[in-house]
Every structure is written in structure tokens, then in C-alpha cells.
Amino acid sequence: MTFILLSVFFYFIIGVLAGVTGALLGIGGGAITVPALFFVFTILGFPKDSIMHIAIGTSLSSMAINTLAATYFHNKKKSVVWLAVGRMLIGIIIGTILGSLVARELSTSLLKIIFGVFACLLGLTLIKPIKEITEAKSIPSFLTFTIIGLGVAFLANILGLGGGFFMVPIFFLFHFHGRKAIGTSSATSFLISLGGTIGYLFSAKESLNMPGCIGYIYIPAFVIIGLTSLVFSSLGVKLAHSLPINFIRKIFAVVIILVGLAMIFN
């Protein structure tokens, strides 16, 4: 009983951190949930061959709730460019399907190393300060954003990162204002996470025969993390509009680089 309560406590903490950081930085929260769930599931004795798959699937499903809430709150502050989101939709749908199908063919050890490498890259990306744009470029074409959406969704569903890792710098590249880049990233991350959730529900090669699991999604963790991140995502949005984002990004960058290294060498 004590062990179960401890697990619930860890899921709650993961949800708080994912909700706040995901909404604050526009990265969806997967950089927190995937490594945290990997270590918790390892302690709980989940099947070794499927631990990373379950961590990614559960992360994506909980992020679907988190990013939906973040999108809602960012939209209230008019920080979502819906034209960009719409132009990425078809690419995101195709990319999420391909990503979940490819991920199931990869081993847990390989997925762990891939995630660790990209987590380190994410940290290095976050260290670079955001430069506020005074004049935005026009929204790229439907074809350009379809290709971008497909590529990002594919990689995000293999890594469980939700897409914000790629989307935020991409939107900065196209001269989106800082907070609009984060808000629009939250919206696209929701679509990627939702598609990934569906993919990981049905992509398991065989039944895991493990209580609480449907496909590659562990329901108890999904519910607790999802609901907790839902509540705390509003705090992340408020912080994004009040705190110096570059300072927060640097702190988070150091943490996520250390997490990435731990995933690679553990």
C-alpha cells in the first residue's frame, strides 16, 4: 500500500512539473514525463523490453491533456496563430501514424539513447536566449508547413516530446513573436500528442498482459499526470507572461541536459 501511495505521489509531482514547464516553455512537458516515467516504471518492475514504449505512450497521452489546457490559456491571451496550426494539420496526422509504427520496432535501449541525445540537444537549444521579433514574416505556405508538421510529428512520436522541442525554434525561425511561438507550439503539440496517444494505444505488437496498461499507455499514470498537469498548466502560462523567459530557459536547459546524459549512460 505504501509503495502504491509513493507511486501516486511521484505521478503527481511529474504532473506538476510537466504542466508548469510545458506551458511556460511551449515544449509540451515530454522532456519531464518520459525520463521520469522511465525511472519510475523501472523501479516498479515493468517489462524491460517495453518500458520506454510505455513511458513514451503514457507521456504523450498525459501531454494531450496538458497541451490542450495550455493551448486554451494561451489562446485567451491571443498567443496562438491558428493559420499556422491549420497548415500543419495534415502533415501532423501522417507523421504521428508513421512515428508510432516505427517506434514499436525499436528496442527500449535504443529509444532511451535516442531520447537522451535529443534531450541534450533540447537543453543546448534552450540555453540560447529568445530574441523578441519586432516584425514578423508572413506565414509559410501550406506545403511548407505540411512537410514540417509531418517531420516534427514523426520524430516527436518516437521521442515522446510532443513536438515543442522542434516547433518553438521553427516558429522563431519564421519570426513569430516570442509568446506567440510558445502558444502556437502548444497548439501543435496538442495535435501531435493526441495523434501519438491514438497510435500508442493500438501499436503494441502484442498484449502486455499487465494490469493498468492499454496498448503502450499505463492508465493510472496517465490519469494522475494528465489531470495534475491540466491544473498546473495555467500557472505555466501566467509565468510565461510575467517571468523573464530566458532566465527560466537556462535553468531548465541545465536540468534537461543532465537528464539526457543520465538516460544515455544509465
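Refer to the structure printed above.
Given the structure is predicted, the values throughout are model-derived calculations rather than measurements.

Engineer: Go over the overall build of the protein chain, please, and point to the residues and values.
Structural biologist: Each helix and strand in the protein chain was counted, giving 10 helices and 2 strands. The linear arrangement of helices and strands in the protein chain, starting from the amino end, is α-α-α-α-α-α-α-α-β-β-α-α. By the compact-globule yardstick of 18 Å for 266 residues, the protein chain fits well, its C-alpha radius of gyration being 17 Å. Here the protein chain holds 266 residues, and 54% of them are scored as buried.

Engineer: Can you explain the nonpolar core? Please cite residues and give values.
Structural biologist: Core analysis: the biggest nonpolar cluster contains 58 residues, and Y11, L37, F41, M52, I54, F171 and Y218 have the highest contact counts within it. Residues in contact with M52, not counting those within four places in the same chain, are V34, F38, T108, L111, K112, F115 and M263.

Engineer: Can you explain a nonpolar patch on the surface? Please cite residues and give values.
Structural biologist: A cluster of nonpolar side chains, contributed by L6, F9, F10, F12, I13 and L17, occupies part of the molecular surface with about 530 Å² of accessible area. Mapped onto the secondary structure, F10 falls in helix α1 (residues 2-25). By relative accessible area, which is 39% here, F10 ends up partly exposed.

Engineer: Go over the environment of S62 with me, naming the residues and quoting the values.
Structural biologist: Among the structural elements, S62 can be located in helix α3 (residues 51-76). Each C-alpha atom, one on S62 and one on G19, is 9.7 Å from the other, the two residues being 43 residues apart in sequence. When residues no more than four places from it in sequence are discounted, the contact partners of S62 are T33, F222, I225, G226 and S229.

Engineer: Summarise the packing of helix α4 (residues 82-103) against helix α8 (residues 178-202); cite the residues concerned and give the values.
Structural biologist: Running from N to C, α4 and α8 point in directions that differ by 30°, and their axes come no closer than 8 Å. The angle between the axes of α4 and α8 places the two elements in the roughly parallel class. Considering the relative orientation of α4 and α8, their crossing is right-handed. For the pair α4 and α8, contact is made by W82, A84, V85, M88, L89, I92, T96, S100 and A103 and by T184, A187, T188, L191, I192, G195, G196, G199 and Y200, respectively. Of the residues contributing to the contact of α4 with α8, the split by class is 11 nonpolar, 7 polar and no charged.

Parameters at a glance
Residues numbered from 1 in each chain as written. Predicted model: local features only at pLDDT ≥ 70, side-chain atom pairs only at ≥ 80, totals over all residues. Heavy atoms only, no water. Helix = DSSP H or I, 4+ residues; strand = E, 2+ residues; numbered from the N terminus. Rg over C-alpha atoms; globule rule 2.2 N^0.38 Å. Buried < 20%, exposed > 50% of the residue type's maximum accessible area, 1.4 Å probe, protein only. Core = buried A, V, L, I, M, F, W, Y, C linked by side-chain atoms within 4.5 Å. Contact = heavy atoms within 4.5 Å. Patch = residues over 30% accessible without salt bridge, like charges linked within 9 Å, V, L, I, M, F, W, Y side chains within 5 Å. Areas by Shrake-Rupley, 256 points an atom, 1.4 Å probe, with all protein chains shown as cover. Salt bridge = Lys/Arg side-chain N within 4 Å of Asp/Glu carboxyl O. Axes fitted to C-alpha atoms, helices over the stretch in contact; angles between N-to-C directions. Parallel < 35°, antiparallel > 145°, perpendicular 65-115°, else oblique. Left-handed = near helix turned anticlockwise from the far one by under 90°. Nonpolar A, V, L, I, M, F, W, Y, C, P; charged D, E, K, R; others polar.

Nothing here speaks to function; it is geometry throughout.
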